[in-house]
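Each chain is listed here by its residues.
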Amino acid sequence: DGGITQSPKYLFRKEGQNVTLSCEQNLNHDAMYWYRQDPGQGLRLIYYSQIVNDFQKGDIAEGYSVSREKKESFPLTVTSAQKNPTAFYLCASSIGGGMPYNSPLHFGNGTRLTVT
Amino acid sequence: EDKVVQSPLSLVVHEGDTVTLNCSYEVTNFRSLLWYKQEKKAPTFLFMLTSSGIEKKSGRLSSILDKKELSSILNITATQTGDSAIYLCAVPGGGGGSNYKLTFGKGTLLTVNP
């Protein structure tokens, strides 16, 4: 079955440590995204990538970094520079191909990160 | 800056009630509006609306877009406890005209009590 796999489901880290969240998709989608969800805030875009080896900052990119070396994979690193990293992180993908407004996002099950 | 506003932010109803959720938007170069349902983890796609006045329907859920009013509604009839979820509205296109940026509203938390 095609889908998006995020791991781990739960992650606990001490303040000051970098942490990397994994996102893998086997849908053959070109575009991939990272969103952050906080209670009462909806989803906010961190980074997105339209094609391999290219990515753009979203609305709240500060303190985060990404890479897109393979079509299937779009890992997100939460660095120690991120002031409030505790949140629910969702990875998504879409067909892309220049018409993303016509292709809904498919989401992974998320990673809940807690930093103390 | 693009904006999506959902109302109400939360709603509690009894099984069998009908509910209407609202979404209004301000976005440059409107292309489409999407509805998602989020139960515990991954939001799942419900509807994509591009044309005004054409209702999309799936079982007890339906949605319609009003481009004149820059809004959409999501109706759920004969609600069931399984409809309890956060319902998210989103529009593509961010500042700078990128179609890849999906702007989400804060969501409506629907609780259906037995």
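As the structure is a computational prediction, the values presented were derived from the model and not from experiment.

Participant: Mind showing me how you'd approach the pattern of salt bridges here?
Facilitator: It is possible for side chains of opposite charge to pair when their charged atoms get near one another. Under the definition given, this model contains 5 salt bridges over all chains. Among the ionic pairs, K71 of chain A bridges to D30 of chain A, the shortest N-O distance being 3.5 Å. With K71 of chain A in the loop between β7 (64-66) and β8 (76-78) and D30 of chain A in the loop between β3 (19-25) and β4 (31-38), this pair connects stretches of sequence that are 41 residues apart. Among the residues examined, D30 of chain A registers a relative accessible area of 26% and is labelled partly exposed. With a closest N to O distance of 2.8 Å, D83 of chain B and R60 of chain B form a salt bridge. Pair noted here: D83 of chain B is in the loop between β8 (71-76) and β9 (85-92) and R60 of chain B is in the loop between β6 (56-58) and β7 (61-66), with a separation of 23 residues, a long-range link. Classification of D83 of chain B as buried rests on a relative accessible area of 4%. By sharing partners, the salt bridges in this structure join R36, D38 and R44 of chain A into a single network.

Participant: Just to check I follow, could you spell out the side chain of T108 of chain B for this structure?
Facilitator: Residue and element names in this part refer to chain B. On the secondary structure map, T108 appears in strand β11 (residues 108-113). On the basis of relative accessibility, which here comes to 0%, the residue T108 falls in the buried class. Separated by 2.5 Å, the side chain of T108 and the backbone oxygen of P8 make a polar contact. Those residues in contact with T108, other than ones at most four positions away along the chain, are Q6, S7, P8, L9, L21, A85, I86 and Y87.

Participant: Explain the interface of chain B and chain A here, please?
Facilitator: A common way to report how large an interface is uses the accessible area buried once the components associate. At the interface, 22 residues of chain B touch 27 residues of chain A. Taken together, both faces of the contact between chain B and chain A bury some 2000 Å²; the carbon and sulfur share is 61%. In this assembly, chain B and chain A are joined by 3 residue pairs in polar contact (both at pLDDT 80 or more). Those elements that place two or more of their residues in the side of chain B that touches chain A are β4 (33-38), β5 (44-49), β9 and β10 (102-104) of chain B. With 3 residues, β4 of chain B is the largest single contributor of residues to the side of chain B that touches chain A. The residue inventory of the side of chain B that touches chain A, partitioned by class, reads 11 nonpolar, 6 polar and 5 charged.

About the criteria used
All residue numbers refer to positions counted from 1 along the written sequence of the respective chain. Key to labels: chains lettered from A, ligands numbered from 1, both in the order written. Per-residue local features are limited, in this predicted model, to residues with pLDDT of at least 70; the limit for side-chain atom pairs, both in listing and counting, is 80 or more; totals at the level of whole chains, interfaces and linings are taken over all residues. Computation of side-chain values: all heavy atoms of the structure, hydrogens and water removed. One speaks of a salt bridge when a side-chain nitrogen belonging to Lys or Arg is within 4 Å of a carboxyl oxygen belonging to Asp or Glu. Here a strand is any run of E in DSSP of at least two residues, a helix any run of H or I of at least four, and the numbering for each starts at the N terminus. Each residue is placed in one exposure class: buried if its accessible area under a 1.4 Å probe, protein chains only, is under 20% of its type's maximum, exposed if it is over 50%, and partly exposed if it falls in between. As used in this structure description, the phrase polar contact means that two N or O atoms lie within 3.5 Å; if the pair is within protein, one of them must be able to donate a hydrogen and the other to accept it, and residues adjacent in sequence are counted only when both atoms belong to side chains. We call two residues in contact whenever any of their non-hydrogen atoms come within 4.5 Å of each other. Here's the idea: put two parts together, see how much 1.4 Å probe accessible area each one loses, and the total over both is what we call buried area. Side-chain classes follow a simple rule in which Ala, Val, Leu, Ile, Met, Phe, Trp, Tyr, Cys and Pro form the nonpolar group, Asp, Glu, Lys and Arg form the charged group, and the remainder, Gly included, forms the polar group.

None of the figures reported here should be taken as evidence of function without further support.
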